[in-house]
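Working through the structure, step by step
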Amino acid sequence: MSDQHRHQDQGAGRNHGHGHGHGHAVDAQADRRYLSGALALIVGFMAVEVVIGVIAQSLALISDAGHMLTDAMAIVLALIAMRIAARPPRGGFTYGLKRAEIISAQVNGITLLLLAAYFSFEGIRRLIEPPQVEGLFVVFTGLAGIVVNVAATWLLSKANRSSLNVEGAFQHILNDLYAFIATTLAGLVVWLTDWTRADAIAALIVAALMLKAGWGLVRDAGRVFMEAAPAGVNPTEVGRQIAALDTVVEVHDLHIWEVTSGYAALSAHVLVTPGADCHATRLAVESLLQDRHGIEHTTLQVDHASPDSHAFDDDGALRRLVQHCADPHGPTHHARRPDETAGGDDGAAEPAAPASTCHDPNVRT
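Since we're looking at a predicted model, the values are computed, not measured.

For helix α7 (residues 197-225), with 29 residues, the first-to-last C-alpha span of 42 Å sits near the 42 Å given by 1.5 Å per residue. Among the residues trailing α7, Glu227 stands out with phi positive, at a value near 60 degrees.

In structure tokens form, the structure reads like this:
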């Protein structure tokens, strides 16, 4: 291993301390308190709204009550997911159970989509055959709901919304606030004009808001499950930046993904010029990733590109292409050649060269 100058950084303990230490535990405890407070408000008011919605025969109120039930379920699920995710890695779960929070966010998103579908169907049906609605009941209940949901939304807004888990619960409560505003306005219209279709229209507006929020949660959670790069991080640009560092010849097998929201990870194989300090290069790459992209959890394999390898031609000059493995994963990023100008090739990713054996400085190819 030392003869090949192969160095791997798997300093998970060192790097994880930056974003997942005692401060994170304190934040998680505070988040649980905020969610628990919001849950108490939601459950207490939900029972009142169900009774009044049935008496008033208001779809908007009943839809709000149904949404509040899912709000309560969303918060309970988020609290459970937070406790599961806090468990340390063990056995086959080498990252722990951090993605429990992403499962919670995905479930909350799907629930919003299902509610949007149901209330859209009911809203359209009641537009065609509007029932009698007691507008005054709806107005007073809606006003009370606005107060309760403003308080619950305020509590959740103080929690860490960069977590998809917390964001899922927040979106449920926020959409319920929108629903109460729409319901109150609809009840006012029914009370003053006796135009009962306003209730159904309010339900359709709420359904549209649920659809938007639900799709956003499902999409973002899906990116984590599919191990896509974090939003706003361009792997091609990251590869170019690493390849542009002094002594770096090539970067390949570059992978960037999220273990859970706010926990990005990266692995890559980096080839450097003969005689270069592999450890210094690794530290430079780590610094670049932390400073420019906020990626602190890295696994880097740094090797020397040997003059006996494909990296150099017969005269000892650095070749444009450096082949490493028969089946490289993704694009390969190369350093700029000395004869390239600023207006020439900018180190963009190129297709991998024809298959060959993996890089070994001790084997002439």
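A few words on the confidence of the model for the protein. With 75% of its residues at a pLDDT of at least 70, the protein reaches an overall mean of 77. Confidence drops under pLDDT 50 across residues 1-26; counting only partners more than four residues distant or on other chains, this segment forms 47 contacts. Across residues 338-365, where pLDDT falls below 50, the model places 57 contacts with residues more than four positions away in sequence or in other chains.

All right, on to the pairing of strand β3 (residues 263-272) then. Among the 10 residues in β3, 10 count as buried, and that is most of the element. Where burial is concerned, the two faces of β3 agree: the one with Tyr263, Ala265, Ser267, His269 and Leu271 and the one with Ala264, Leu266, Ala268, Val270 and Val272 are both buried. Bridging between strand β2 (residues 248-260) and β3 involves nine bridges; their strand directions are antiparallel. Bridge pairing in β3 links Glu250 to Leu271. Taking the residues between adjacent antiparallel strands as the criterion, β2 and β3 are bridged by two residues, where Gly262 takes a positive phi near 80 degrees. Across eight bridges, β3 lies against strand β4 (residues 297-304) in parallel orientation. Bridge assignment links His269 to a residue of β4, and that residue is Gln301. Remark: the β3/helix α9 (residues 278-293)/β4 crossover connection has right-handed handedness.

This part covers the environment of Ile128. Relative to the helices and strands, Ile128 is located in helix α4 (residues 100-128). Between the C-alpha atom of Ile128 and that of Arg197, which follows or precedes it by 69 residues, the distance is 8.6 Å.

What follows covers the pattern of salt bridges. Taken as a whole and judged by the stated rule, the model has five salt bridges. With a shortest N-O distance of 3.2 Å, Asp220 and Arg219 are connected by a salt bridge. The partly exposed category is assigned to Arg219, whose relative accessible area is 43%. The partner of Glu237 in a salt bridge is Arg240, with the nearest N and O atoms 3.8 Å apart. Residue Glu237 and its partner Arg240 are both found in helix α8 (residues 235-243); the two are separated by three residues, about one turn of the helix. Classification of Arg240 as partly exposed rests on a relative accessible area of 27%.

Definitions and cut-offs
Residues numbered from 1 in each chain as written. Predicted model: local features only at pLDDT ≥ 70, side-chain atom pairs only at ≥ 80, totals over all residues. Heavy atoms only, no water. Helix = DSSP H or I, 4+ residues; strand = E, 2+ residues; numbered from the N terminus. Expected span 1.5 Å × (residues − 1). pLDDT = per-residue confidence, 0-100. Contact = heavy atoms within 4.5 Å. Buried < 20%, exposed > 50% of the residue type's maximum accessible area, 1.4 Å probe, protein only. Pairing = 2+ DSSP bridges. Right-handed = clockwise from strand over helix to strand, strands pointing away. Salt bridge = Lys/Arg side-chain N within 4 Å of Asp/Glu carboxyl O.

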